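A closer look at the structure
Given next are the chains, with one letter for each unit.
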Amino acid sequence: MTDIISTDLEPSPPSKAWLRIMALLYDPFLSMGETVGMRRRRHTLLADARGRVVEIGSGTGLNLAHYPDEIPELVLTEPEPGMRRKLTRRLRRHGRSAQIIDAPAEQLPQADGSVDTVVSTLALCTVGDPEHALREIARILHPDGQFLFIEHVRANSRFLAACQDKLVEPWRHFAGGCCCNRATVELMRACGFTVVTEDAVWRGMPSIVHPLVVGRATL
């Protein structure tokens, strides 16, 4: 049985100054990964978004270009001010209608059962309390709703998982709180989700964040 807790100890949070720098570096740092596959994965995943959509941890808005035009309502949550400024600018450039909310994934303002689709792409790795966030997602989802996600996760390879464990703290401080060894799918199932995933590799990025899961979860 996977030990979820032991690989996800809470470190001291990154400094606000470094988070501001990360907001500036985020798009250039991900650019190679976007070019060699992540952009295509975003497009394929978000083609299935429907109804009232809430995206957690929207970052700089790399998903914006991939949402279907017919979505009636799109809410983008992002708690980090530097990321939110870039998200606002990108939203204006795309000229689509969406609401940006300053809210962490652990405290979503939506009413119970009011959302048709929740989206998370590379966000649950950074959430301080992922179990709480997943229970919030479950709370706001309509009974027939869906949770669409792309997340980098703990490796199946024992060697790579050991590398993730060794480097989790320096990586977390560098990458704005990102946890490279989080057992996210196991957490989803523990929170009551039925999960269908496919494995992938985040090429163009450091090896410790190569293991990806792409999928859909329901309650």
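The rules we used
Residues numbered from 1 in each chain as written. Predicted model: local features only at pLDDT ≥ 70, side-chain atom pairs only at ≥ 80, totals over all residues. Heavy atoms only, no water. Helix = DSSP H or I, 4+ residues; strand = E, 2+ residues; numbered from the N terminus. Rg over C-alpha atoms; globule rule 2.2 N^0.38 Å. Buried < 20%, exposed > 50% of the residue type's maximum accessible area, 1.4 Å probe, protein only. Contact = heavy atoms within 4.5 Å. Areas by Shrake-Rupley, 256 points an atom, 1.4 Å probe, with all protein chains shown as cover. Axes fitted to C-alpha atoms, helices over the stretch in contact; angles between N-to-C directions. Parallel < 35°, antiparallel > 145°, perpendicular 65-115°, else oblique. Nonpolar A, V, L, I, M, F, W, Y, C, P; charged D, E, K, R; others polar. UniProt positions renumbered as here; feature names shortened; annotations may be inferred. Phe/Tyr/Trp six-rings, centres within 6.5 Å; stacked < 30°, edge-to-face > 60°. Core = buried A, V, L, I, M, F, W, Y, C linked by side-chain atoms within 4.5 Å. Salt bridge = Lys/Arg side-chain N within 4 Å of Asp/Glu carboxyl O. Lys, Arg positive; Asp, Glu negative; His and termini not counted. Polar contact = N/O pair within 3.5 Å; in protein donor to acceptor, adjacent residues only side chain to side chain.

A tally of regular secondary structure across the protein chain gives five helices and seven strands. Tracing the protein chain from N to C terminus, the helices and strands come up as α-β-β-α-β-β-α-β-α-α-β-β. Radius of gyration (C-alpha) of the protein chain: 16 Å, near the 17 Å computed for a compact globule of 219 residues. Referenced to the eigenvectors of the C-alpha coordinate spread, the extents of the protein chain come out at roughly 45 × 35 × 30 Å. Residues counted as buried form 53% of the 219 residues belonging to the protein chain. Contacts in the protein chain between residues at least 24 apart in sequence constitute 71% of all its contacts with a sequence separation of at least 6. Counting only carbon and sulfur atoms, one obtains 55% of the accessible surface of the protein chain, whose full area is about 10,400 Å².

Close contact between helix α1 (residues 16-46) and helix α4 (residues 158-174) brings their axes to 10 Å; oriented N to C, the two are set at 95°. The pairing of α1 with α4 is recorded here as roughly perpendicular in orientation. For the pair α1 and α4, the contacting residues are Trp-18, Met-22 and Phe-29 in the first and Trp-171, His-173 and Phe-174 in the second. Within the contact of α1 with α4, the residues separate by chemical class into five nonpolar, one polar and no charged.

Turning to unusual backbone geometry, a few remarks are in order. We note that Leu-122 has phi near 60°; this positive angle belongs to a residue other than glycine. Taking relative accessible area as the criterion, Leu-122 reaches 9% and is therefore assigned buried.

This next bit is on the UniProt feature "domain: Methyltransferase type" (unreviewed entry) in the protein chain. Under the UniProt annotation, the feature "domain: Methyltransferase type" (unreviewed entry) is placed at residues 54-149. The distance separating the terminal C-alpha atoms of residues 54-149 is 12 Å; by composition the span is 26% helix and 27% strand.

This part takes up the packing of aromatic side chains. Applying the stated criterion across every chain yields a total of six aromatic pairs. Note on Phe-29 and Trp-171: the rings are 6.3 Å apart at their centroids and 45° apart in plane angle, and the pair reads as tilted. With Phe-29 in helix α1 and Trp-171 in helix α4, this residue pair connects regions lying 142 residues apart in the sequence. A residue is classified by how much of its surface remains accessible, and Trp-171, at 11% relative accessible area, is buried. Aromatic side chains Phe-147 and Phe-193 sit 5.9 Å apart centroid to centroid with 50° between the ring planes, which places their arrangement in the tilted category. Taken as a pair, Phe-147 in strand β5 (residues 141-152) and Phe-193 in the loop between α5 (184-190) and β6 (194-201) lie far apart in primary sequence, 46 residues in all. Both residues of the pair, Phe-147 and Phe-193, belong to the buried class.

Membership of the largest hydrophobic core comes to 35 residues, with the highest contact counts inside it found for Tyr-67 and Trp-202. No other element matches α1, which puts six residues into this core. Filtering out sequence-adjacent residues up to four positions away, Tyr-67 remains in contact with Leu-46, Ala-49, Val-53, Glu-55, Leu-74, Arg-96 and Val-119. Counting 29 residues, the second largest nonpolar core, distinct from the first, contains Val-118, Val-127, Leu-141 and Val-153.

Right, let's get into the pattern of salt bridges. Applying the stated criterion across every chain, the model contains eight salt bridges. With a shortest N-O distance of 2.7 Å, Glu-34 and Arg-42 are connected by a salt bridge. Several salt bridges share partner residues, and in doing so they unite Asp-112, Glu-136 and Arg-139 into one network.

A few words on the side chain of Glu-151. Mapping Glu-151 onto the fold places it in strand β5. Arg-182 provides the closest opposite charge to the buried, salt-bridge-free Glu-151, at an N-O distance of 7.6 Å. At 3.3 Å, the side chain of Glu-151 and the backbone nitrogen of Ala-123 are in polar contact. Beyond its immediate chain neighbours, meaning those up to four positions away, Glu-151 contacts Ser-120, Thr-121, Leu-122, Ala-123, Leu-124, Cys-125, Thr-184, Pro-211, Leu-212 and Val-213.

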